[in-house]
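Commentary on secondary and tertiary structure
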Amino acid sequence: MGAEAAQPSEAPGRWRRLWSRAEELNQRIPWAVKLTAVWVVIFLLIALLFNAAKFDTGWMRSNFWFISRGLWVTIFIAVVSIFFAIILALLGSLGRLSKNAITYGLSGFYTSFFRGTPLIVQLFLIYTGLPTIGQAFREPYRSWFLLSPIVTGIVALSLNYGAYMTEIFRAGILSVPHGQTEAAEALGMTYRQRMGRVVLPQAFRVIIPPTGNEFIAMMKDTALVSLLGTPIAWADPFRRATLAGRADFRNLEALIVAATWYWILTAIFSFFQRRLEARVSKGFVRQVAAKVPRPGGAAPGTPTATISSGGGTVVEVPEPEPRALGKEGA
Amino acid sequence: MTDPAWADGEVLLRVDDLHKSFGHLEVLKGISMDVRTGEVVVIFGRSGSGKSTLLRCINFLEDPTRGTIELHGIQLTGGHRNRAKREKIRKLRMRTGMVFQQFNLFPHLTAIQNVIEGPVTVKGVSEAEARPLGTELLGRVGLADKADEYPIRLSGGQQQRVAIARALAMSPDVMLFDEPTSALDPELIGEVLATMRYLATDMHMTMVVVTHEMGFAREVAHRMVFFNEGVILEEGTPDDIFNRTRFPETRRFLDAVL
């Protein structure tokens, strides 16, 4: 009787019921399980694709150590460069905040030039351009302008990242309320004591997260040094991958090994950076947040909130009282 | 009420013909006053009358345009700063304790670390040596049990008491209070005033207090100074001010706040 007639009107109802059951089921699966499933599917698809492209895992295995051995070069260049970059950024930011025309002008020139030109250009400028300037000098000094690829890399990365980080440091120092400076002054502190004991320790809370990001970015930029033709003893994973891959026509396999290493390094340092962030926010957040938001954003009901500060994220527990944060000198 | 000990005490702090302008705005128009050892002076007046500016000029947080500050043999005039003058300013600041309206505690340090920061950093006392002093001072402001708390975990009143202890730790000759209770919730004002009263009556601390708390002034001040449009209009004992003022401006102000 109404079987045919009822069918069209019933069908959407059935689908709706099915859909709502699926939604219900979906809500019952833990977030972590779903997220893991998505990643597994992504990797499976990539593996399928590589398999179809005749991916040579045997070659990868036999060349794995050759490529991986370059990792220490990556870490070495990044660690040394971030050290000098931090010093340059500190000096640069104090210069930008100075009332002295010479220091202000010098730091202005520095940040403008090194932020205004590409890193790769700076690398070649220092590597191939500097010796030309050296021609103007006599011999013991002339050779000072001839830098090895690794030293060039360290100099260029330090200068370039130091220029960018000058802004980070400047913003961090400015984020400390003026009342802090006054309180330090009222105790009779000198400029150095004020900076060292009061302003910078508080500025570092703001400075550290984006500096961590800069370090992570820098680890990846160390690969650019390869373009100067580093000797094999100082070759990083990227250079080793290009050398080995080109020789055997196994570019994909070689670069996947190198890329995976960079990826792992950044993942590890991102983890430590978040730990460090939680530590330095001591005294600013009522309870130091134990939970860190998932990369995909917090699931509904998770008691964490993120606020963005100068490019990085600070993790904090939602405040029950309005004065929990920033009461000082507000 | 009035402690006779201060009356014949020697002059500790002398402000002489102090002027301060911000651009075209002249905030202080020639202030002269003496503060004797052990004396409690309350400065009051409408906001914008220059009270806070005077206090900030005394320890050179603000550079006076003209005039002289003299404390314990350290004499300083307003105007251009050079290296020698900066050093002198530092000496002056080490002898004055300042309490701010916004407390300005160091948020990255615990209560006791805040208190001993001055002695440790400025005077070079070792941390181990300074700690007993810090504990004692926190006890005096009633916060011995909060020594290891960070400022964010303390109420406004507690923070201000830590700030008082921090200023005391430098063993200053004079304490300057810049509206110490203005940023506090009403129920927290009492504890800070009680601490200040204790400083005045039990520790015989020399104090210059900018405040609107007229009850505190009546009870604790030896002398009250009324500021009006950058000049001292009137000064006298609380009794003089509250009961026998000749100035309609003072009368009007008192009527407004009482």
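Computed from a predicted structure; not experimentally measured. (Residues numbered from 1 in each chain as written. Chains lettered and ligands numbered in written order. Predicted model: local features only at pLDDT ≥ 70, side-chain atom pairs only at ≥ 80, totals over all residues. Heavy atoms only, no water.)

1. Topic: the confidence of the model for chain A
Do not read the fine detail of predicted coordinates wherever pLDDT is low. Scored by pLDDT, chain A has a mean of 84; 82% of the residues are at 70 or more. Counting contacts from residues 286-330 of chain A, a segment whose pLDDT is below 50, to residues more than four positions away or on other chains yields 71 contacts. (pLDDT = per-residue confidence, 0-100. Contact = heavy atoms within 4.5 Å.)

2. Details of helix H4 (residues 111-122) of chain B
The terminal C-alpha atoms of H4 of chain B, which comprises 12 residues, lie 18 Å apart, in line with the 16 Å expected from a rise of 1.5 Å per residue. Most of H4 of chain B sits out of view: 11 of its 12 residues are buried. Buried positions along H4 of chain B lie against helix H10 (191-221) of chain A together with helix H3 (83-94), helix H5 (127-140) and helix H6 (156-168) of chain B. (Helix = DSSP H or I, 4+ residues; strand = E, 2+ residues; numbered from the N terminus. Expected span 1.5 Å × (residues − 1). Buried < 20%, exposed > 50% of the residue type's maximum accessible area, 1.4 Å probe, protein only.)

3. Concerning unusual backbone geometry
Peptide bonds are trans in most cases, and residues, glycine excluded, mostly fall at negative phi. If you check the backbone angles, Phe249 of chain A has positive phi at about 55° while not being a glycine. Structurally, Phe249 of chain A can be placed in the loop between helix H11 (237-248) and helix H12 (251-280). What makes Phe249 of chain A exposed here is its relative accessible area of 70%. In the Ramachandran plot, Asp17 of chain B falls in the positive-phi region, its phi being about 50° despite a non-glycine side chain. One can find Asp17 of chain B in strand S1 (residues 11-22).

4. Overview of the environment of Asn26 of chain A
Within the secondary structure, Asn26 of chain A is located in helix H1 (residues 3-28). C-alpha separation for the pair Asn26 of chain A and Ile82 of chain A, spaced 56 residues apart in sequence, amounts to 45 Å.

5. Some details on the packing of aromatic side chains
The full count for this structure, using the stated rule, is 21 aromatic pairs over all chains. Pairing Phe109 of chain A with Phe113 of chain A gives two aromatic rings, centres 6.3 Å apart and planes at 15°, and the pair type is stacked. On the criterion of helical spacing, the pair formed by Phe109 of chain A and Phe113 of chain A is a turn pair, its members being 4 residues apart in helix H5 (residues 101-116). Classification of Phe109 of chain A by relative accessible area gives exposed; the value is 57%. What makes Phe113 of chain A partly exposed here is its relative accessible area of 31%. When the ring of Phe113 of chain A is compared with that of Phe114 of chain A, the centres are 5.0 Å apart and the planes differ by 90°; the resulting orientation is edge-to-face. The exposure class of Phe114 of chain A is buried, given its relative accessible area of 12%. In this structure an aromatic cluster arises from ring pairing among Phe109, Tyr110, Phe113 and Phe114 of chain A. The aromatic ring of Phe66 of chain A is capped on one face by Arg240 of chain A, whose charged end is 5.0 Å from the ring centroid. For the cation-ring pair, Lys20 of chain B lies above Phe22 of chain B, with the distance from its terminal atom to the ring centre recorded as 4.9 Å. (Phe/Tyr/Trp six-rings, centres within 6.5 Å; stacked < 30°, edge-to-face > 60°. Lys NZ or Arg CZ within 6 Å of the ring centre and 35° of its normal.)

6. Brief notes about the packing of helix H4 (residues 71-96) of chain A against helix H8 (residues 149-174) of chain A
Residues and elements named next belong to chain A. At a closest axis distance of 5 Å, the pairing of H4 and H8 adopts a crossing angle of 45°. By the angle between their axes, H4 is oblique relative to H8. When you trace H4 past H8, the crossing you get is right-handed. A per-class count over the contact of H4 with H8 returns 20 nonpolar, 7 polar and 2 charged. (Axes fitted to C-alpha atoms, helices over the stretch in contact; angles between N-to-C directions. Parallel < 35°, antiparallel > 145°, perpendicular 65-115°, else oblique. Left-handed = near helix turned anticlockwise from the far one by under 90°. Nonpolar A, V, L, I, M, F, W, Y, C, P; charged D, E, K, R; others polar.)

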